Amino acid sequence: MNNRNEFWRTLEERLQTVEFQELLKRELPDHLFSSHTHATGAPTTGMGTDRRTFLKLMGATLVMAGLAGCQTEPPRETIVPYVVAPEEIIPGKPLFFASAMPLGGYGVGVLVENHMGRPTKVEGNPQHPASLGGSNLFMQGSVLTLYDPGRAQVITHQGQIETWGTFLDVLGAKLATLRPNNGAGLRILTETVTSPTLGAQLSQLLQQFPEARWHQYEPVGLDNIRAGAQLAFGQVVNPIYHFENAERILTLDGDFLTDLPGSLRYARAFGEKRKVTAAASPDAAQMNRLYALASTPTITGAKADHRLPLRAGQIVTYANVLARRLGVALPGPEPELPQAHTDWLAALARDLQAQPGRSLIIAGPEQPPQVHALAHAMNATLQNVGSTVTYTDSVEVNPVDQLASLRTLVDAMQAGQVDTLIILEANPVLTAPVDFAFADALAQVDLAVHLSLYYDETSALCQWQIPATHYLESWSDVRAYDGTASIIQPLIAPLFDGKSPHELLAALLGNSALTSPYEIVHSTWLDYYAHLTNPPQADFESFLRTALQAGVVAGSAQPAIEVTLQSNWTTALTPPVAPAAPSGQLPEQLPEQLEVIFRPDPSIGDGRFANSAWMQELPKQISTLTWDNAVLLSPSTAARLGLRGEDVVELSLGGHTVTGAVWPMPAHADDAVTLHLGYGRTWQDKLSTGLGFNAYALRTAATRFFGPGLTLRKTGATYPLATTQNHFLMEGRDLVRAATLAEYHADPEKVAEKSSPEPPSVESPTITNPGEPATLYPGYIYDGYAWGMTVDLTACIGCNACTIACQVENNIPTVGKEGVLNGREMHWLKVDHYYRGPLENPESYFQPRPCMHCETAPCELVCPVEATLHNSEGLNQMVYNRCVGTRYCSNNCPYKVRRFNFFDYVEADEIPLLQMWRNPDVTVRARGVMEKCTYCIQRINAAHIQAEEEDRPIRDGEIKTACQTACPTRAIAFGNINDPESEVTRLKALPLNYGLLAELGTRPRTTYLAALRNPNPEIEALAI
């Protein structure tokens, strides 16, 4: 059951290629420690490039580490200390402010750590329904975007610096010409809007200029969800899912753990239903079961108990067949499927029907409206409405078909009907469908104004570009997935004198009374309070103060509504098309055309985070690629096309062509290619310029999310892709423990196969107990605190929030693409991705790997200067100013979790602005030292100080490490293992708990709870 050879990480390992065998001859590849010397005497990167040239080439690549690479300069104003400090400001003690981060138009609640007026860290707000204290990688990475010197810093007109006053004069003159015609020729383009204040301003503008028009476009938005609701119910409604009530879940090509406005909330509830491991008795909790029909690998598909790889275009046919099996009356004959797949769907249907009102079917936002309508009908048939899914009115200010809205705008521009276009924070020149030719249409506009965070592709083609404020710099508001409103409060003054959308719209309205964002937002909520029937506070200022402190406006969520399927909803369903041969049964000749699948990039989204070094270097959740996108396709399709990883191919679709590097992906659907959006940027002097390829250049209105007709041509060239999947391999060692729920119930102890006892506690004061591996370490009694950690591999979804949270908290530098290619990434916590099973459809497992804080640490014995040592609470510490860089500790660490600063990544004096993001509680390391996870010692020390001031012990849960706080599923637990009542002690006592490589006698303080799956025995027997 736990054969160590069952698990594999790379295709080379699975196939046991010659290259992989050569790699295993060295526990650490030579290139990790290569350090050539240039003829000038300067050290090189190990790839034939001297360090000076490397810095020039990378430029902004190491921007967060302080390397020079941007032509713009930060403001040169000098700040001075307070003469009389505000009472709430205590040097060295951070303050936390509640706010919200808009993403895709929807808000997620955040708590922002602020040091002396500097935002340094974003956490989830436990009181906000969309985060519940968890966070995602975009929230964590938003701090670096705030301080990015690559942001637009000045107002420009035709590329020349101008002033806000001059712009207002030009805008006022233009509006004077538009006013006599009621604003005919004025167009506003935004992304999705849920902000009550912005919505009110746009409404006022359209009242003032009745002939003006407001258009919306989100490149990876929710159009299909809106259209599916319209098709099923005759109205646009907002589905809200309740995973806490769901025992059986089916996702139809969706990634609900990341791609929906409520994903963080959904991940928490989904993870809680996986935590049968936390029950005192195996029978005390019921573990949910997840099915996935999926085209491209995602973390939701990776967590599925059963996953069936299909092309995206096949999903509608399979949903049609399943709906019939569940009793949904549909017109026409049932489509024919391969017998094995028919049996698979039949078993799925029986399992769903066995849980009436306790199942849930979710369609992915990329699937067409028909699939969403089928999902609504199936949920109704299964009695799920009101239990696992409820509906509210739309949260958006003006829910429209955004693709049609953009099409209308482009047609008007091409017809010369648009005189003035105001673009608020969108980038349509990059993101609009290529067949819309937005750039050509924009040339017909007399006055185009772009408010944006960066001077990007759209800015370059507009007459005016106005720097936008970051969400941490300005007042605003936003609604969450369920309608809950939050007031966004600034944590710092605008760094580059940027303007918010509220200020620009106020200028359009000619509103001289309300010009500041605070006044505008204040006015909106004063009006809201005045219309409350039973206000929760006696006066408005108390109401506003409470809303700001909590980060939510109490009672603002949308109420549930009753919906009914239209009697004729099936008439709009397009007849399903019989699918091509299933995976593993493809015809001998390759199809001339493949299906193309467009998805937002896992790390940079639709491209708006492309200039963040943190996001670029963060390994993508499934592929672990960094610094690039790639042409993803199944191993069998790649083999039949004669393609290998890093081969460059020419992709053609509808007369448009781009080139990109191939990356075969296990579990990808055959005859399909996934292209991630946001790369291939053409903006100048930016970090992401020249990285990857622009998948938007192939994306048409008809293939917005997927479609047929893609052709590939091998060019003969290759392009290096930086991936971390093959770094620090521990092949042949028993790392991941996994079993089914039935196996766990049958023999709980066997699942983890524990080979050594836990680290000592007060009750077990000696480390030389019978049955332990022999050791030369002396015994030590931990009679105070003894810190330890557990990671629940069943609950872990591999989202990487922990990795980037650790990076932000601990001032960890990035090393750039070339550094990753050399295996020198600096992340203290790495989420390993393991496979088990066949290439076509393997199981996936995620294992976060920080420092184990070994009780008998192999690293400590070999350090000649005692730079790594144990403290009295069992932490394996690093004394940076002692370290002389021998790297003996890294060689002797069986877990390979130590990182070495090969170069000085912290030349902060070159870009002073970038010093502002750093956590002042954590040492900034220089070249030539080893660094690693510290269990967030700064947080431990802060809790010690607070407890001593209050003359009490540290409470359980009072200390939360950065990774633990960020985790949306609460898979990580940390605390005092000497406290028998602590959560971490309770979890370590479970049968599933095991130590990584504990048979070596290292006695790790970080342990794992083995991963459990809950498969359907009927489907297991099918062996698809």
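Note that the structure is predicted; figures quoted are calculated from it, not measured.

Enquirer: What should I look at first to understand the pattern of salt bridges in this one?
Expert: Charged atoms that come close allow side chains of opposite charge to pair. In total, this model carries 37 salt bridges according to the counting rule given. Here Arg836 ties to Glu843 by a salt bridge, and the two come within 3.1 Å at their closest N and O atoms. The exposure class of Arg836 is buried, given its relative accessible area of 14%. Residue Glu843 is classed as partly exposed on the basis of its relative accessible area of 24%. Arg925 is the partner of Glu931 in a salt bridge, and the nearest nitrogen-oxygen pair spans 3.0 Å. The pair formed by Glu931 and Arg925 is uniform in burial state, with each residue classed as buried.

Enquirer: Help me out: how do you make sense of the pairing of strand β27 (residues 706-718) in this one?
Expert: It is a general feature of regular strands that their side chains alternate between the two faces of the sheet. Pairing of strand β21 (residues 594-600) with β27 involves 3 bridges; the strand directions are antiparallel. Bridge pairing in β27 places Val596 opposite Gly707. By the bridge criterion, 5 bridges tie strand β24 (residues 647-653) to β27 in an arrangement that is antiparallel. Considered in β27, the bridge of Asp647 is made with Thr718.

Enquirer: Explain the sheet that holds strand β2 (residues 95-103) here, please?
Expert: Strands belonging to one sheet form pairs held by backbone hydrogen bonds; the direction of such a pair is parallel or antiparallel. Taking strand neighbours across the sheet as the criterion, the 3 strands line up as β2-β3-β4 in an open arrangement whose pairing is antiparallel. Because the sheet does not close on itself, it has two edges, and the strands there are β2 and β4 (118-124). In this sheet, neighbouring strand axes are inclined to one another by 40 degrees on average, regardless of whether the strands run parallel or antiparallel. Here 6 bridges tie strand β3 (residues 106-115) to β4, and the two strands are oriented antiparallel to one another. Counted as the bridge partner of Asn114 is Pro119 from β4. This element, helix α4 (residues 137-146), spans β2, β3 and β4 of the sheet and lies at about 170 degrees to β4.

Enquirer: Sorry, what's going on with the packing of aromatic side chains here?
Expert: In this description, an aromatic ring pair is defined by two values, namely the gap between the centres and the angle between the planes. Tallied over the full model, the rule gives 23 aromatic pairs. Here Trp475 and Tyr518 contribute two aromatic rings whose centre-to-centre distance is 5.0 Å and whose plane-to-plane angle is 65 degrees, an arrangement assigned as edge-to-face. Placement of the pair is Trp475 in the loop between β17 (464-467) and β18 (476-479) and Tyr518 in helix α17 (residues 517-530), with a sequence separation of 43 residues. Assessed through its relative accessible area of 19%, Trp475 is described here as buried. An aromatic cluster of at least three residues, connected via ring pairs, comprises Tyr241, Phe243, Phe256, Tyr266, Phe270 and Tyr481. A cation sits over an aromatic face here: Arg681 above Trp683, 3.8 Å from the ring centre. Taking NZ or CZ as reference, Arg887 lies 5.2 Å from the ring centre of Phe900, over its face.

Enquirer: Can you walk me through helix α6 (residues 196-208) in this structure?
Expert: Quick reminder: α-helices carry 3.6 residues per turn. Residues three or four places apart thus point the same way. The end-to-end C-alpha distance of α6 is 18 Å, a good match for the 18 Å that 13 residues give at a rise of 1.5 Å each. Among the residues making up α6, those that are buried are Pro196, Thr197, Leu198, Gly199, Gln201, Leu202 and Leu205.

Enquirer: Help me understand the packing of α4 against helix α23 (residues 801-809) in this model?
Expert: Between two packed helices, the angle of one axis relative to the other and the distance separating the axes together describe the packing. Running from N to C, α4 and α23 point in directions that differ by 25 degrees, and their axes come no closer than 8 Å. With respect to their mutual orientation, α4 and α23 come out roughly parallel. Considering the relative orientation of α4 and α23, their crossing is left-handed. When α4 is examined against α23, the residues Leu137, Gln140 and Gly141 are found in contact with a partner set consisting of Ala801, Ile804, Ala805 and Val808. Of the residues belonging to the contact of α4 with α23, the class tally is 5 nonpolar, 2 polar and no charged.

Enquirer: What should I look at first to understand the sheet that holds strand β39 (residues 1006-1009) in this one?
Expert: Reading across the sheet, the 4 strands line up as β37-β30-β39-β38 and stay open at both edges, with mixed pairing between neighbours. In this open sheet, the two strands that pair with only one neighbour each are β37 (972-976) and β38 (993-995). Ignoring which end each strand starts from, the neighbouring axes of this sheet average 30 degrees apart. Both strand β30 (residues 787-792) and β37 contribute to a ladder of 5 bridges, which runs antiparallel. If you follow Met789 over to β37, its bridge partner there is Phe974.

Enquirer: Got a minute to help me understand the environment of Met916 in this structure?
Expert: Mapped onto the elements, Met916 comes out in the loop between β35 (899-900) and β36 (930-931). Remark: the alpha-carbon pair of Met916 and Thr120, spanning 796 residues in sequence, is separated by 7.5 Å. In contact with Met916, other than residues within four places in its own chain, are Arg118, Pro119, Thr120, Tyr147, Ile492 and Leu495.

Enquirer: Could you clarify how one ought to interpret the pairing of strand β16 (residues 447-452) in this entry?
Expert: Along β16, 6 of the 6 residues are buried, which leaves the element largely enclosed by surrounding structure. Here β16 shows no split at all, with Leu447, Val449 and Leu451 on one side and Ala448, His450 and Ser452 on the other all buried. Judged from the 5 bridges that link them, strand β15 (residues 420-424) and β16 form a sheet pairing that is parallel. If you follow Ile423 over to β16, its bridge partner there is His450.

Enquirer: Where do I start with the nonpolar core in this structure?
Expert: By size, the foremost hydrophobic cluster in this structure holds 195 residues, and its most contacted members are Phe243, Leu252, Phe256, Leu293, Ile361 and Met378. In terms of residue count, helix α10 (residues 315-325) provides more of this core than any other element does, 7 residues in total. With residues up to four places along the chain from it excluded, the contact list for Ile361 reads Tyr241, Leu250, Leu252, Leu326, Leu352, Ala375, Met378, Asn379 and Leu382. Among the nonpolar cores identified, the runner-up in size contains 27 residues, and Leu171, Val193, Leu202 and Leu451 belong to it.

Enquirer: When you look at the side chain of His668 in this model, what are you seeing that I'm missing?
Expert: Within the element layout of this structure, His668 appears in the loop between β25 (656-664) and β26 (672-677). A polar side-chain atom of His668 sits 2.7 Å from a polar atom in the side chain of Thr674. Apart from residues no more than four positions distant in its own chain, His668 is found in contact with Ser295, Thr296, Pro297, Leu632, Leu633, Ser634, Val673 and Thr674.

Rules used in this analysis
Residues numbered from 1 in each chain as written. Predicted model: local features only at pLDDT ≥ 70, side-chain atom pairs only at ≥ 80, totals over all residues. Heavy atoms only, no water. Salt bridge = Lys/Arg side-chain N within 4 Å of Asp/Glu carboxyl O. Buried < 20%, exposed > 50% of the residue type's maximum accessible area, 1.4 Å probe, protein only. Pairing = 2+ DSSP bridges. Helix = DSSP H or I, 4+ residues; strand = E, 2+ residues; numbered from the N terminus. Axes fitted to C-alpha atoms, helices over the stretch in contact; angles between N-to-C directions. Contact = heavy atoms within 4.5 Å. Phe/Tyr/Trp six-rings, centres within 6.5 Å; stacked < 30°, edge-to-face > 60°. Lys NZ or Arg CZ within 6 Å of the ring centre and 35° of its normal. Expected span 1.5 Å × (residues − 1). Parallel < 35°, antiparallel > 145°, perpendicular 65-115°, else oblique. Left-handed = near helix turned anticlockwise from the far one by under 90°. Nonpolar A, V, L, I, M, F, W, Y, C, P; charged D, E, K, R; others polar. Core = buried A, V, L, I, M, F, W, Y, C linked by side-chain atoms within 4.5 Å. Polar contact = N/O pair within 3.5 Å; in protein donor to acceptor, adjacent residues only side chain to side chain.

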